[in-house]
Amino acid sequence: MDGASQWFWLEMHVTCVHVHVKADRIEEFRQASILNHQESIQEPGNQRFDILQSKDDPTLFLLYEAYESEAAAAAHKTTPHYLKWRETVADWMAEPRKGVPYVSVAP
């Protein structure tokens, strides 16, 4: 393999969480999620934690959570900041959030 075709790849365990927030709770959801993000990116095994908001419908969010292993992803769900986020935002959901798990194929 030449240098141009060599690349380093780490398997990531990704969850894309689809969230539909009540229209009158958008800003509160954003702020609570930012606090969760700030703590989550410091967790062992965290590779990425993005919060995305739809341009077309501001009540729709996507949380992109990437961890180096299933164990690290599972550990995230036991952290105080995640548990606080989950409790705080529960009543702000227009419908239950949906987490869809993925594994990386290429970075």
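The structure under discussion appears in the preceding block.
From a predicted model like this one, the values you see are computed outputs, not experimental measurements.

Here is what the cut-offs are and how they apply
Residues numbered from 1 in each chain as written. Predicted model: local features only at pLDDT ≥ 70, side-chain atom pairs only at ≥ 80, totals over all residues. Heavy atoms only, no water. Helix = DSSP H or I, 4+ residues; strand = E, 2+ residues; numbered from the N terminus. Buried < 20%, exposed > 50% of the residue type's maximum accessible area, 1.4 Å probe, protein only. Contact = heavy atoms within 4.5 Å. Areas by Shrake-Rupley, 256 points an atom, 1.4 Å probe, with all protein chains shown as cover. Arc of directions from axis to C-beta. Axes fitted to C-alpha atoms, helices over the stretch in contact; angles between N-to-C directions. Parallel < 35°, antiparallel > 145°, perpendicular 65-115°, else oblique. Nonpolar A, V, L, I, M, F, W, Y, C, P; charged D, E, K, R; others polar. Salt bridge = Lys/Arg side-chain N within 4 Å of Asp/Glu carboxyl O. Phe/Tyr/Trp six-rings, centres within 6.5 Å; stacked < 30°, edge-to-face > 60°.

### Description of the overall build of the protein
A count of helices and strands for the protein gives 3 helices and 4 strands. Each helix and strand of the protein, placed in order from N terminus to C terminus, yields the pattern β-α-β-β-α-α-β. A total of 107 residues make up the protein; the buried ones form 32% of that total. The contacts of the protein with a sequence gap of at least 6 include a subset with a gap of at least 24, amounting to 70%. Accessible area for the protein stands at about 7100 Å²; split by element, carbon and sulfur atoms hold 55% of it.

### Overview of helix 3 (residues 80-89)
Where helix 3 is concerned, the buried positions are His81, Tyr82, Trp85 and Val89. Along the axis of helix 3, the buried residues cluster in a sector spanning 100 degrees; they form a single face. Away from the buried face of helix 3 by more than 90 degrees, exposed residues Pro80, Lys84 and Glu87 are located. Buried-residue contacts for helix 3 involve helix 1 (26-40), strand 3 (60-67) and helix 2 (70-76).

### Comments concerning the packing of helix 1 against helix 3
How two helices sit against one another is set out by the angle between their axes and by the gap between those axes. Closest axis-to-axis distance for the helix 1/helix 3 pair is 9 Å, and the angle between their directions is 170 degrees. Taken together, the axes of helix 1 and helix 3 lie roughly antiparallel to each other. The residues of helix 3 that touch helix 1, namely those facing Phe29, Ala32, Ser33, Asn36, Glu39 and Ser40, are His81, Tyr82, Trp85, Thr88 and Val89. Here the residues of the contact of helix 1 with helix 3 sort into 5 nonpolar, 5 polar and 1 charged.

### Considerations on the pattern of salt bridges
Within this structure, the stated rule accounts for 3 salt bridges. A salt bridge links Glu27 to Arg30; the nearest nitrogen and oxygen atoms lie 3.6 Å apart. Placement of both Glu27 and Arg30 in helix 1 is noted, with a separation of 3 residues, approximately one turn of the helix. Classification of Glu27 by relative accessible area gives partly exposed; the value is 46%. Look at Arg30 and you get partly exposed, because its relative accessible area is 33%. Asp50 is paired through a salt bridge with Arg48; the nearest N and O atoms lie 2.6 Å apart. On the accessibility criterion, Asp50 (22% relative accessible area) is partly exposed. For Arg48, a relative accessible area of 45% puts it in the partly exposed group.

### Section: the packing of aromatic side chains
What the rule picks out here adds up to 3 aromatic pairs. Centre to centre, the rings of Phe29 and Phe61 are 4.7 Å apart; their planes meet at 55 degrees, and the pair counts as tilted. With a gap of 32 residues between them, Phe29 in helix 1 and Phe61 in strand 3 connect regions that are remote in the sequence. As far as the burial class goes, Phe29 and Phe61 line up, both buried. These aromatic residues form a ring-pair network of at least three members: Phe29, Phe61, Tyr82 and Trp85.

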